[in-house]
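Listed here are the chains, written in short residue letters.
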Amino acid sequence: MELRYFILRRLLLLIPTVLGLSIFMFILIEAVPKAILVTPYINPHSRIPYIIQEANALKILGFNYPPPIAYLFYLDRLLHGNLGLMSMPGYPNSVAAAIVDAFPNTIQLTIFASLLSIAIAIPLGTYIGARPNSIADQAGRVFSLTGYAIPAFWLALMLQIVFGKNILLGNPLGVLPFSGSFSASAIPNPTPSWFVNGITYPTHLVIFDALIHGDFPLFVDALKHIILPVLTLTYGILAGILRFMRAGMVDASNQEYVKTARSKGVPEKLVIKRHIRKNAMIPTITVMGLLVAGLLGGVVLVEYVFAYPGMGYLTTQGILSYQIWLVIGTTLIFGLILVLTNLIVDVVYALTDPRIRY
Amino acid sequence: MATESNVGGSILKAQPVKHRPRVEDFKSTFKLFIKNRLAFVGFVIVLIYFTITILDYVYPSYLGVKDINTIASWVPQLSSGVPSGPTLSHGWWYIFGETLYFAPIFPVMLAALKTDITYSILIVLTGALIGIILGTMSGYFGKLYDEVLMRVTDIFFSVPTLVLAIAVTVVLGKSLQNVVIALIIIWWPIYARLTRGVSLSIKSNKFIEAATAAGSSGLRNVFVHILPNVLSVVFVQFSLDLGSIIQLFAALDFIGFNEGSPLLPELGNMLTWGTSYLVSGIWWPIVIPGIFLLIFTVAINLMGDGLRDVLDPKLRR
């Protein structure tokens, strides 16, 4: 099959998955008592009696129809970008607006963590995989095993204790801020026009917005805030990539073409680089989708511990004040991110390995 | 060869020799397993943790309190404004210091295993049971049943596990019991996928054909002939999952699903108590229960890896 047909087919397969996801979310919503669902739709200060407001809200949400029809109402709202309402102090009323504010931070953390872990894992895995059963290999095994076993939120807490500013007295390593995405003291005075209610414009990412507007101290401060969350996230997926990279290297170095390359006198460095490593990357790419799933789960915990204002932090705040629409909304968005990542992984896989077209 | 000569000898002596292939197979597997030192160490540590859990049930007063289900039982022995640090001078209770309400960390940590390990086993066992039954049947019967089941599992796999667990628990209501139910709901698809694949490959074997020819029904084929062959694969997954589930459970408790039971000894709860002292530089309520959990997850991963090496027929002989 030609590559563009493969991609087209893969794109079409996206439709049932996304529809299935929305049905699943709707089933979850249906399981919640209606009184809780309509709470954010009711204005307690209004003169209209509660019962009438509730009836109106149910009518708007389509819950006065049987579930299949109510699902169509839900789907219609989703397609219009309406994820429901929420009522939390300090946040917008609309779930979609709150997610738009928080989304860039989550993506920023996950992208930084993925890039960092790939940048470390590929060379390290190549080095280890070329020397199976050496001391470096054993050390790598322990390192990746611990990465699997360590609970992300505890690792985050440990990094806070070790590197957090003013946590342990007289700790020379305690130099990094451990909460939020910037320090209140780093905001320029008077507050610039691109900084409204703790959210920066246009990208919502403090690091980039500070750079765009040329505020260097704020840029450094925001960069310091991102170090610990990114390190925590990196360790978890680094372990996974390293493990598969090592296994791939060992597998590939036993192949006949490697023997051929060596016997015709190709230098060892080139054998590893061109013949072994390239083939070891293929199984590594296939597990990338799984790793991203773990990464997106980990980001919730990491954002919670570091109070980093992304979607995960938003979700945990939603749990505390029982905001159903918010929790379901972020779950749906996390699901969409994962589905799209899997699509990209499949396409990259097809690009790197011409044998794969299914 | 050895078994053949045994059989021959038994005929000569005219004595019935018990030939038990499953037991012998288990023995040789176990011998292979303990050859892997790291896996064996992991196995021993897991066994110790399980023993403590069982002890919590059969003889809870070994910890010296009447009720181990709340830290209120361990109330102040040495109160001094803030929890005191690890010390050897007040007996074994206090060797790891104190946590919330001046409760001693060490016995509370041991009591926490009762909640954590029991619930984790319950989740993985129930999830695996549902998944195995649905998956094996799906692989065997195929067609529409298979298609529907696989599309349903696709949906489950399209949301990150932790996020899905959060959503389902919030919908069910915030309590630890509902965390358990939510984790079961989202855990079965893993086993369904796994056993479906194995079941598909076993289905085409001659012995299934023979069983069908002998009059075995479809369901009988699934439960009597395919299921036992699926179990060794499941067993490895089961042991590895126990490590991830105990982490997930603690994590969900940590991010705020402990509302109904804030004083329950549970490792995620213990870390929550610790965070309230973090800014004062009191590190032991966080570090020590975390290490206690980490030892278990590392051990179970070592054990699971060792089991996979032994049980995987491709690697074994």
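Residues numbered from 1 in each chain as written. Chains lettered and ligands numbered in written order. Predicted model: local features only at pLDDT ≥ 70, side-chain atom pairs only at ≥ 80, totals over all residues. Heavy atoms only, no water.

Asker: Is there a simple way to explain the overall build of chain B in this structure?
Answerer: Looking only at helices and strands, chain B features 12 helices and zero strands. Looking at chain B as a whole, 51% of its 317 residues qualify as buried. Within chain B, contacts between residues at least 6 apart in sequence are counted, and of these 70% link residues at least 24 apart. As presented, chain B carries roughly 14,900 Å² of accessible surface, and 67% of it is formed by carbon and sulfur atoms. Across chain B, 22 positive and 18 negative side-chain charges occur, with their mean positions spaced 12 Å apart. (Helix = DSSP H or I, 4+ residues; strand = E, 2+ residues; numbered from the N terminus. Buried < 20%, exposed > 50% of the residue type's maximum accessible area, 1.4 Å probe, protein only. Contact = heavy atoms within 4.5 Å. Areas by Shrake-Rupley, 256 points an atom, 1.4 Å probe, with all protein chains shown as cover. Lys, Arg positive; Asp, Glu negative; His and termini not counted. Charge placed at Lys NZ, Arg CZ, Asp CG, Glu CD.)

Asker: Would you mind showing me how to read the overall build of chain A here?
Answerer: What chain A contains, in helices and strands, is 13 helices and two strands. In terms of its C-alpha atoms, chain A occupies a principal-axis envelope of roughly 90 × 60 × 35 Å. Relative to its full complement of 358 residues, chain A shows a buried share of 49%. Long-range pairs, those at least 24 residues apart, make up 69% of the contacts in chain A with a sequence separation of at least 6. For chain A, the computed accessible surface area is about 17,300 Å², with 68% contributed by carbon and sulfur atoms. If you average the places of the 23 positive and of the 15 negative side-chain charges in chain A, the two averages end up 9 Å apart.

Asker: I tried to follow the environment of A:Gly310 on my own but got confused; where do I start?
Answerer: Inspection of the secondary structure assignment puts A:Gly310 in the loop between helix H11 (268-306) and helix H12 (311-320). For the pair A:Gly310 and A:Val299, spaced 11 residues apart in sequence, the C-alpha to C-alpha distance is 8.8 Å.

Asker: Can you help me understand the nonpolar core in this one?
Answerer: Nonpolar side chains in soluble globular proteins tend to be buried together. Counting 190 residues, the largest nonpolar core has A:Met25, A:Phe63, A:Tyr74, B:Trp74, B:Ile166, B:Leu183 and B:Leu252 as the members making the most contacts within it. Look past the residues within four positions of A:Tyr74 in its chain and what remains in contact with it is A:Ser22, A:Met25, A:Phe26, A:Ile29, A:Trp325, A:Ile328 and A:Leu332. In this structure, A:Met245, A:Ala252, A:Ile272 and A:Ala280 belong to the second largest nonpolar core, which totals 11 residues. (Core = buried A, V, L, I, M, F, W, Y, C linked by side-chain atoms within 4.5 Å.)

Asker: Where do I start with the pattern of salt bridges in this structure?
Answerer: Residue and element names in this part refer to chain B. Counted by the stated rule, this structure contains 11 salt bridges over all chains. Between Glu-147 and Arg-151 there is a salt bridge, with the nearest N and O atoms lying 2.4 Å from each other. Linking Glu-147 with Arg-151, this pair stays in helix H5 (residues 143-157), spanning four residues, or about one helical turn. Under the relative-accessibility criterion, Arg-151 is labelled partly exposed at 41%. The partner of Arg-308 in a salt bridge is Asp-305, and the shortest N-O contact between them spans 3.0 Å. Of the two residues, Arg-308 and Asp-305 are both situated in helix H11 (residues 284-311); the distance of three residues between them amounts to about one turn of the helix. Using a relative accessible area of 14% as the deciding quantity, one classes Asp-305 as buried. (Salt bridge = Lys/Arg side-chain N within 4 Å of Asp/Glu carboxyl O.)

Asker: I tried to follow unusual backbone geometry on my own but got confused; where do I start?
Answerer: Apart from glycine, the bulk of residues carry a negative phi angle, and the bulk of peptide bonds sit in the trans form. All names here are of chain A. In this structure, Pro-202 follows Tyr-201 across a cis peptide bond, with omega equal to 5 degrees. The phi torsion at Tyr-322 lies on the positive side, around 60 degrees, for a residue other than glycine. As for its position among the elements, Tyr-322 is in the loop between H12 and helix H13 (324-352).

Asker: What is the right way to look at the side chain of A:Thr234 in this model?
Answerer: All names here are of chain A. Here Thr-234 is to be found in helix H9 (residues 216-253). The class for Thr-234 is buried, based on a relative accessible area of 4%. Beyond its immediate chain neighbours, meaning those up to four positions away, Thr-234 contacts Ala-113, Leu-116 and Ser-117.

Asker: Hey, could you run me through the environment of B:Phe156 in this one?
Answerer: Along the polypeptide, B:Phe156 turns up in helix H5. Judged by relative accessible area, B:Phe156 falls into the buried class, the value being 11%. With sequence-adjacent residues up to four places away left out, B:Phe156 is seen in contact with A:Phe24, B:Leu164, B:Ile185, B:Ile186, B:Trp188 and B:Pro189.

Asker: Is there a simple way to explain the interface of chain B and chain A in this structure?
Answerer: The figure often quoted for interface size is the accessible area lost as the parts come together. Opposite the 43 residues of chain B that make contact, chain A presents 44 residues. Taking both sides of the interface into account, the surface hidden between chain B and chain A amounts to around 3,800 Å²; carbon and sulfur atoms contribute 80%. Broken down residue by residue, the surface that chain B buries against chain A is led by B:Val171, B:Ile255 and B:Leu278, which jointly contribute 16%. If you look at where chain B meets chain A, you find one salt bridge. Where A:Arg243 meets B:Asp305, a salt bridge forms, and the shortest distance between an N and an O atom there is 3.0 Å. Inspection of the region where chain B meets chain A yields eight residue pairs in polar contact (both at pLDDT 80 or more). If you list the elements that add at least two residues to the side of chain B that touches chain A, you get H5, helix H6 (161-172), helix H9 (218-257), helix H10 (267-275) and H11 of chain B. Looking at the side of chain B that touches chain A element by element, the count peaks at 12 residues for H11(B). Grouping the constituent residues of the side of chain B that touches chain A by class yields 29 nonpolar, 10 polar and four charged. (Buried area = accessible area lost by both parts, 1.4 Å probe. Polar contact = N/O pair within 3.5 Å; in protein donor to acceptor, adjacent residues only side chain to side chain. Nonpolar A, V, L, I, M, F, W, Y, C, P; charged D, E, K, R; others polar.)

Asker: I'm lost on empty space enclosed by the protein in this one. Help?
Answerer: Taking a probe equal in size to a water molecule and rolling it over the atoms shows the remaining empty space. Considering all chains together, one arrives at one cavity of 30 Å³ or more under this definition. Roughly 40 Å³ of internal volume is contained in the largest cavity. Considering the residues around the largest cavity, the lining is formed by A:Arg141, B:Asn36, B:Leu38, B:Ala39, B:Leu302, B:Asp305, B:Gly306 and B:Asp309. At four residues, H11(B) tops the list of elements feeding residues into the lining of the largest cavity. Partitioned by chemical class, the residues of the lining of the largest cavity number three nonpolar, two polar and three charged. (1 Å grid on protein atoms, 1.4 Å probe; cavity = no way out; pocket = protein on both sides within 12 Å on 5 of 7 lines; lining within 4 Å. Points joined across faces, edges and corners; volume = space filled by probe spheres on them.)

Asker: Is there a simple way to think about the packing of aromatic side chains in this case?
Answerer: In this description, a pair of aromatic rings is defined by centroid distance and the angle of the planes. Residue and element names in this part refer to chain B. Applying the stated rule across the entire model yields 23 aromatic pairs over all chains. A centroid spacing of 5.3 Å and a plane angle of 85 degrees characterise the contact between Phe-96 and Phe-106, whose relative ring orientation is edge-to-face. With a gap of 10 residues between them, Phe-96 in the loop between helix H3 (37-58) and helix H4 (105-141) and Phe-106 in helix H4 connect regions that are remote in the sequence. By relative accessible area, which is 28% here, Phe-96 ends up partly exposed. A relative accessible area of 18% means that Phe-106 is categorised as buried. (Phe/Tyr/Trp six-rings, centres within 6.5 Å; stacked < 30°, edge-to-face > 60°.)

Asker: Got a minute to help me understand the confidence of the model for chain B in this structure?
Answerer: Any region with low pLDDT has predicted coordinates that should not be read closely. Residues and elements named next belong to chain B. The pLDDT averaged across chain B works out to 83; a share of 91% of its residues lies at or above 70. Confidence scores differ between elements of chain B, with helix H1 (residues 2-13) showing the lowest mean pLDDT of 47 and H6 the highest of 93. Here residues 1-11 is a poorly scored stretch, pLDDT under 50, and it has four contacts once near neighbours within four places are set aside; other chains count. The ipTM, which scores confidence in the relative placement of chains, is 0.89 for this predicted complex, and the corresponding pTM is 0.88. (pLDDT = per-residue confidence, 0-100.)

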